[in-house]
Amino acid sequence: MVQKYQSPVRVYKHPFELIMAAYERRFPTCPLIPMFVDSDTVNEFKSEDGAVHVIERRCKLDIDAPRLLKKIAGVDYVYFVQKNSLNSRERTLHIEAHNETFSNRVIINEHCCYSVHPENEDWTCFEQSASLDIKSFFGFESTVEKIAMKQYTSNIKKGKEIIEYYLHQLEEEGITFVPRWTPPSLAPSSEAASSCKKRAVATAVVIPDTALTEGPSSEALSNAGGAPEPLVGTPDDKLDADYIKRYLGDLTPLQESCLIRLRQWLQETHKGKIPKDEHILRFLRARDFNIDKAREIMCQSLTWRKQHQVDYILDTWNPPQVLQDYYAGGWHHHDKDGRPLYVLRLGQMDTKGLVRALGEEALLRYVLSINEEGLRRCEENTKVFGRPISSWTCLVDLEGLNMRHLWRPGVKALLRIIEVVEANYPETLGRLLILRAPRVFPVLWTLVSPFIDDNTRRKFLIYAGNDYQGPGGLLDYIDKEIIPDFLSGECMCEVPEGGLVPKSLYRTAEELENEDLKLWTETIYQSASVFKGAPHEILIQIVDASSVITWDFDVCKGDIVFNIYHSKRSPQPPKKDSLGTHGLTSPGGNNVQLIDKVWQPGRDYSMVESPLICKEGESVQGSHVTRWPGFYILQWRFHSMPACAATNLPRVDDVLASLQVPSHKCKVMYYTEVLGSEDFRGSMTSLESSHSGFSQLSAATTSSIQSHSSSTVSR
C-alpha cells in the first residue's frame with residue numbers, strides 16, 4: 001500500500017531571497033539533522049543571466065534502524081538523489097528527491113516548493129508532499145514502513161526550526177537582507193550595491209484571517225458579525241499551518257496530511273457543499289485518522305444532510321410551542337475550557353408526554369437543531385477565546401428520574417436519536433456530566449450504553465446523590481459563578497423546568513401517523529426502488545422545444561444505469577401489477593414502468609442521452625436541453641455486471657462486486673425540474689452530469705466513473 005503525505009502551507013515571514021540564503025547553509029551537511037551525514041554535488045547548471053540554478057546532490061543518510069535489519073539489508077547508509085531547481089526570476093525553488101538505495105524494493109518520492117506568499121511578497125510559503133511504496137524488503141515490509149514514517153515525520157517537525165536557526169545565524173553575522181535577482185543589464189554597480197544599507201529582518205505581524213487561507217473556513221471565521229452561510233470550497237483552497245494551529249489545534253504532521261488529503265478529495269469529487277475544516281477533522285478523529293473509514297462515514301452523513309436539508313434547519317424550522325414549554329433543556333454559558341455548556345434536566349422532562357404530543361420525529365428534529373446550534377456556538381467560542389473549540393459539554397440532571405422514563409416508546413425514541421447523532425455529529429461531545437443519578441439509572445444505562453461509541457463513553461462522568469458537590473465534582477469543570485441555581489449554584493438558569501405535558505395535547509396514533517412530518521420523507525426528493533428487470537421511470541411532458549430538464553439524484557443502494565428517452569406517443573398509465581410478471585412486489589408503490597413491452601426502439605421511442613452508469617453512494621446532477629416537444633422518460637435501470645466475452649463467464653472482479661449487493665434491488669432518491677431556456681443560467685458546456693464520489697469508491701474507480709459521467713447534449 002502506498003503511503004502519502006501532504007503538508008499544509010507553512011509561512012515564513014521573511015523574503016524569499018533571505019530564506020534561500022538560510023536554506024543553502026544546510027549543505028553539504030546539517031548538524032541539526034543527525035541522520036544527514038553528507039552530500040556531494042553530482043551535477044550543476046546555471047543560466048547565463050544567473051536566474052536559473054539547478055543543482056543535483058547525492059545525499060548520504062544514516063537511518064535510525066535496528067542493527068539486525070541493517071545487517072540483513074547489507075548496508076550502513078542509505079543514499080538519496082536530490083534535485084534543486086531555483087528560479088530567481090520567478091522566486092521559486094522546486095526540490096525533487098528519490099531514493100537510490102533499494103530503489104527496486106522501496107520507492108520514495110518527495111517534492112517540496114518554496115514560493116512567494118500570494119498576499120505578501122515579503123513572505124515565503126513552503127509546501128511538501130511525499131509518497132512511500134514498499135514492494136518487498138526481506139519480509140520486514142511493515143517494520144521498514146514504520147521506521148520510514150517515523151524518520152520522515154521527525155524531519156518534518158524540524159524543517160521550520162532548521163530554517164529559523166540559519167536565519168538567526170545570518171542575523172548574527174549581520175546579514176539581514178539579500179537583494180532580489182535583476183537582469184544583468186539592470187544590475188546596480190558595485191559601488192551602489194555596497195552603499196545599500198542593510199535592512200532589518202522582517203518582523204512578524206498578525207496575519208489577517210483572509211490571508212491565512214483562501215478556503216471557506218477562513219471566510220466563515222472572518223464573518224463574525226452574522227450567521228455562517230453555507231459555503232463551497234474550490235480546488236485552489238489551501239490550508240495554512242498557522243491557521244490550522246489557531247483554529248483547528250495542534251496536529252501531528254500525519255494528522256495534518258490526513259486533513260489536507262481528505263479535504264482535497266472532497267473538493268475534487270464532491271459537487272455539493274464542502275464541510276468546514278473543523279467538521280472534516282471531527283470525522284477523522286472519530287476514525288483515528290483512517291482516511292478511508294472517515295471518508296465513508298462523512299459521505300454517508302453528507303448524503304443524509306442533503307436529503308433532509310439539515311444545513312438549513314436553524315433558519316427554516318421553528319420548534320412547536322409544546323417543545324419550547326416542556327423540553328427541559330437549553331444552552332447555558334460555557335465550561336472552564338470554553339466549551340459551550342448545554343443543560344438537560346432529564347429527570348424533570350415528561351418524555352412520554354412529549355412523544356405522545358409530538359411524535360418521535362419532532363423530538364429528533366429538535367435534537368438536530370440543538371446540535372446545529374452547538375456547531376455554531378463552537379465557532380463563536382473559538383473566536384472569543386482565541387483557541388480551537390470543536391465540542392461542547394453537556395450537563396444532565398437526573399433528579400426526578402423514575403420508571404416512567406423507561407416507557408418503551410420513549411426509550412426507542414432516545415435510542416434512535418443517539419444513533420442519528422452518533423453517525424452525523426462525531427466528536428462533538430467534549431464531556432458529559434451526569435448528576436444526581438438515582439437507583440433506576442443503571443437500568444436506563446444498560447439499555448442505552450450499547451448504542452454509544454466507546455470514545456464517547458469515556459467522556460462520561462457520573463455522580464450519584466450530592467457527590468457532584470465534593471472534590472472532583474462540578475467545580476472542576478464549571479466556574480462557580482455559572483453553576484445553575486437548581487444545583488445550589490448562584491446563576492439563574494433559563495432552561496425550562498419541564499413538567500407533565502397536559503393530556504389534552506396528546507395526539508392519537510392515527511393523527512401522529514398522518515400529520516407528523518417525517519424527517520426521512522419531508523424533502524423535495526422522491527424515493528424509488530429499482531429491481532432487476534423492473535426499472536423505475538418518470539414521465540416529463542415538454543411543450544416548448546429547447547426547454548431544459550434538470551435532475552439531481554442519489555444512488556442509495558446498488559448500481560444503476562440512468563437513461564433518457566424521447567417519444568411522440570404518450571405512454572399508457574402504469575398498471576398496479578406491473579411487477580407481477582417478475583414475481584416482485586413494489587412496496588409503497590415506488591416503482592413505476594412506462595415504456596410498454598410492445599414498443600420498439602427507433603420506432604416508438606429513442607434514446608437522447610448516452611447511458612450513464614452510477615455506483616452505489618454517488619450523487620449525480622445534470623441537465624438536458626430538449627430538441628423536440630413531446631414526452632421524455634427518465635429511467636433508472638438495474639445495472640447488471642457484463643460477462644466475459646470470450647467465455648461468457650463472469651469476471652472475478654464482477655463476482656466480488658456482486659457480493660457487495662445482497663439482493664437484486666436498488667434504491668434511488670431523485671428530484672427533477674423543467675426550466676425554460678431563458679431561465680436556465682449557464683452555457684451549453686455546463687449541461688453535464690456530475691458525480692460526487694463516495695466512500696465505496698477507490699481512486700481508480702472514481703477516475704473510471706468520472707470518465708463516463710458527462711451527459712451529452714441532445715442530438
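Residues numbered from 1 in each chain as written. Predicted model: local features only at pLDDT ≥ 70, side-chain atom pairs only at ≥ 80, totals over all residues. Heavy atoms only, no water.

The name an unreviewed UniProt entry gives the protein chain is SEC14-like protein 1 isoform X1, with Trichechus manatus latirostris as the organism.

A. Examining the sheet that holds strand S12 (residues 429-437) more closely. One open sheet accounts for five strands, arranged S9-S10-S11-S12-S13; its pairing is mixed. Each edge of the open sheet carries a strand with a single partner, namely strand S9 (329-334) and strand S13 (460-464). Neighbouring strand axes in the sheet, compared pairwise and without regard to direction, differ in orientation by 20° on average. As paired elements, S12 and S13 share four bridges and run parallel to each other. Along S13, the bridge assignment pairs Leu 433 with Leu 461. (Pairing = 2+ DSSP bridges. Helix = DSSP H or I, 4+ residues; strand = E, 2+ residues; numbered from the N terminus. Axes fitted to C-alpha atoms, helices over the stretch in contact; angles between N-to-C directions.)

B. Quick look at the pairing of strand S20 (residues 619-625). Most of S20 sits out of view: seven of its seven residues are buried. Of the two faces of S20, the one lined by Ser 619, Gln 621, Ser 623 and Val 625 and the one lined by Val 620, Gly 622 and His 624 are each fully buried. Relative to S20, strand S16 (residues 548-557) runs antiparallel, the two sharing seven bridges. Note on S20: the bridge partner recorded for Asp 554 is Ser 619. (Buried < 20%, exposed > 50% of the residue type's maximum accessible area, 1.4 Å probe, protein only.)

C. Structural context of helix H13 (residues 351-358). Counting buried positions along H13 gives six out of eight residues, so the element sits mostly inside the fold. Among all positions in H13, only Thr 351, Gly 353, Leu 354, Val 355, Ala 357 and Leu 358 are buried. Just downstream of H13, Gly 359 is the residue with a positive phi angle, here 90°.

D. The packing of aromatic side chains, seen in detail. Applying the stated rule across the entire model yields 21 aromatic pairs. With a centroid separation of 5.2 Å and an interplanar angle of 55°, the aromatic rings of Trp 551 and Phe 562 are classed as tilted. One end of the pair, Trp 551, is in strand S16; the other, Phe 562, is in strand S17 (residues 560-567), and eleven residues separate them in sequence. With centroids separated by 5.4 Å and ring planes inclined at 40°, the aromatic side chains of Phe 562 and Trp 636 adopt a geometry described as tilted. Taken together, the positions of Phe 562 in strand S17 and Trp 636 in strand S21 (residues 630-638) put the pair 74 residues apart, joining distant regions of the chain. For the residue pair Phe 562 and Trp 636, the accessibility class agrees, reading buried in each case. Each member of the aromatic cluster is reached from another via a ring pair, and the members are Tyr 12, Tyr 23, Phe 27, Phe 36, Tyr 114 and Phe 126. Across from the ring centre of Tyr 247, 4.3 Å away, lies the NZ or CZ of Arg 246, which sits over that ring. (Phe/Tyr/Trp six-rings, centres within 6.5 Å; stacked < 30°, edge-to-face > 60°. Lys NZ or Arg CZ within 6 Å of the ring centre and 35° of its normal.)

E. Representation of the nonpolar core within the structure. Core analysis: the biggest nonpolar cluster contains 53 residues, and Leu 323, Tyr 327, Leu 354 and Leu 398 have the highest contact counts within it. For this core, the elements supplying multiple residues, two or more each, are helix H12 (321-326), strand S10 (340-344), H13, helix H14 (360-385), strand S11 (392-397), helix H15 (408-424), S12 and helix H16 (441-448). Tallying contributions element by element places H14 first for this core, with nine residues. The residues contacting Leu 354, other than those within four sequence positions of it, are Val 322, Leu 323, Tyr 326, Tyr 327, Met 349, Gly 359, Leu 363 and Val 501. Leu 69, Ile 95, Tyr 114 and Leu 167 belong to the second largest nonpolar core, which has 39 residues in total. (Core = buried A, V, L, I, M, F, W, Y, C linked by side-chain atoms within 4.5 Å. Contact = heavy atoms within 4.5 Å.)

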